[in-house]
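Chain and residue survey
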Amino acid sequence: MTAVGELVPWLPHAGDTLLAMSTPDPELFDKVVNLCKRRGFVYPSAEIYGGFRSTYDYGPLGSLMLRNVKDAWWRSMVQLRDDVVGLDASILSPPQIWEASGHLANFTDPLVDCTNCKTRHRQDNLDDPDTCPSCGKTGTFTEARAFNLMFKTQAGPVEGAGADVYLRPETAQGMFVNFKNIINTTRKKPPFGIAQIGKSFRNEITPGNFVFRTREFEQMELEFFVPPEDADEWYKYWLNERRNWYLDLGIPEDMLMMRPHAEDELSHYSSATADVEFMFPWGWGELEGIANRGDFDLKQHSEHANEKLEFFDQATNERYVPHVIEPAAGATRSMMAFLMAAYDEEIVNDETRTVLRLHPTLAPYKVAVLPLSKKETLRPLAREVLAALQPHFMTEYDETQAIGRRYRRQDEIGTPLCVTVDFDSLEDNAVTVRDRDSMEQVRIPVADVVSHVAGALSR
Ligand code: ATP
């Protein structure tokens, strides 16, 4: 595994100190969480009933942005490739799947209770395994017990009489159990992948840090099946691809690192794993795990389902069980990282300007149409501009308040461009386009507005 670090120059070795990296910024956390609530990115769930701990609803802006994160992943992993196909498997799943995958036996966290303050903790997350972080007392923990993180429920109308089913704790198993279907119904052969985006559920002992760790979250996972002898090469390939995805969408290089797992951290079946980590306000945290999983998953399901899950290579007349490289990312957690990386404050004319410098691909609205005043005379042209933009871009329309304040509102939600319709527009049939980052303004004919916006967003 360490050989990979030698071959991939930006990949540090386990235990390396990262001197050139950015440092945590604890104030950023509150600023972004407040902005999310105030502007409609993320609301606490069931808030009118006092909230439902650690569950969140994605509001008008958050639902747009989350969709953009998932679309960007799908575009890069499925649309722009001819060796990956998509899947949307069920969330409810029978125990046999989780028996075979090992989740029923092993998907556990060590849980300890504090006998003094009655709080619960994940033992492996404690700074000091003997001291309770809630009350500060030492020696008050119970023995650790293995707590299974899967949500179990029952299928069927009669409570207690139905069959046990589980909410999937990851999307990955859907790809393994459909391996045969996909080989049989597409013309794909290794190397090829199956990609899936969807909700997963884990009964986390200590959810928290806003949407970083929740019990219901969204994952974006790829299972890439390769001939066994090529697995190491493909593992390195996917490390590079996945790192570039975050950088291309605006995560600064010094806020991102690849952390290879040490030998004792690897799952027994994995020959190499690395986490993509982001500098969150509290320190480094995982965004994605990339693992060389060998043939473990297909073999387990072959055995438990008594089905051959292998590939017959007609060229060589050989039958083999492909190895799997798995890049497994979190959509909700990545969205939080993109928000944190984009948040910026600067002083403009003695006032603080808050700007979300989001990559245009991720910004909830791409453009806002702002008539200079609410006067009836401006409305018809402003609505004409809106109607021209809407088929191409998510467009916001806002006509109340002073124009300066409306620009600030758009800056704060990351809208890359604002189009202002003023009284001169009625004469010259032109509008002003303002850029979020530079605040520069250009005057362009109404007839060119769509092509101008398209060009500016793709720069
Ligand atoms: P962690 O160590 O943070 O619990 P994990 O290693 O168990 O994560 P994986 O099983 O590798 O996570 O899942 C892949 C990705 O799914 C993670 O990198 C993360 O982005 C996301 N993810 C996992 N658990 C959660 C959660 N409870 N809330 C939000 N996202 C999650």
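Please read these numbers as outputs of a predicted model, since none were measured by experiment.

The ligand sits among 14 residues. The nearest are R202, E204, R213, T214 and E286. Contact between the ligand and L287: an oxygen atom at 2.9 Å from a main-chain N or O atom of the residue. Among the elements of the structure, β11 (216-226), β14 (283-294) and β17 (323-330) are those that each provide at least two residues to the shell around the ligand. Residue composition of the shell around the ligand, by class: five nonpolar, three polar and six charged.

Moving on to the nonpolar core. Counting 63 residues, the largest nonpolar core has F41, W245, Y246 and F338 as the members making the most contacts within it. Broken down by element, the residue count for this core peaks at nine residues, all from helix α3 (residues 60-79). Once residues within four sequence positions are removed from consideration, W245 is found in contact with V69, A72, W73, S76, M220 and F338. Grouped together as the second largest cluster of nonpolar side chains are 19 residues, L381, V385, V421 and V433 included.

With that out of the way, let us pick up the sheet that holds strand β6 (residues 120-122). The three strands lie next to each other as β6-β5-β7, forming an open sheet whose pairing is antiparallel. Whereas interior strands pair on both sides, the edge strands pair on one side only; in this sheet they are β6 and β7 (145-148). Adjacent strand axes in the sheet meet at a mean angle of 45°, parallel and antiparallel pairs treated alike. With four bridges connecting them, strand β5 (residues 108-113) and β7 associate as antiparallel partners. Following the sheet pairing, P110 is matched in β7 by A146.

Rules used throughout
- Residues numbered from 1 in each chain as written.
- Predicted model: local features only at pLDDT ≥ 70, side-chain atom pairs only at ≥ 80, totals over all residues.
- Heavy atoms only, no water.
- Near = heavy atom within 4 Å.
- Polar contact = N/O pair within 3.5 Å; in protein donor to acceptor, adjacent residues only side chain to side chain.
- Helix = DSSP H or I, 4+ residues; strand = E, 2+ residues; numbered from the N terminus.
- Nonpolar A, V, L, I, M, F, W, Y, C, P; charged D, E, K, R; others polar.
- Core = buried A, V, L, I, M, F, W, Y, C linked by side-chain atoms within 4.5 Å.
- Buried < 20%, exposed > 50% of the residue type's maximum accessible area, 1.4 Å probe, protein only.
- Contact = heavy atoms within 4.5 Å.
- Pairing = 2+ DSSP bridges.
- Axes fitted to C-alpha atoms, helices over the stretch in contact; angles between N-to-C directions.

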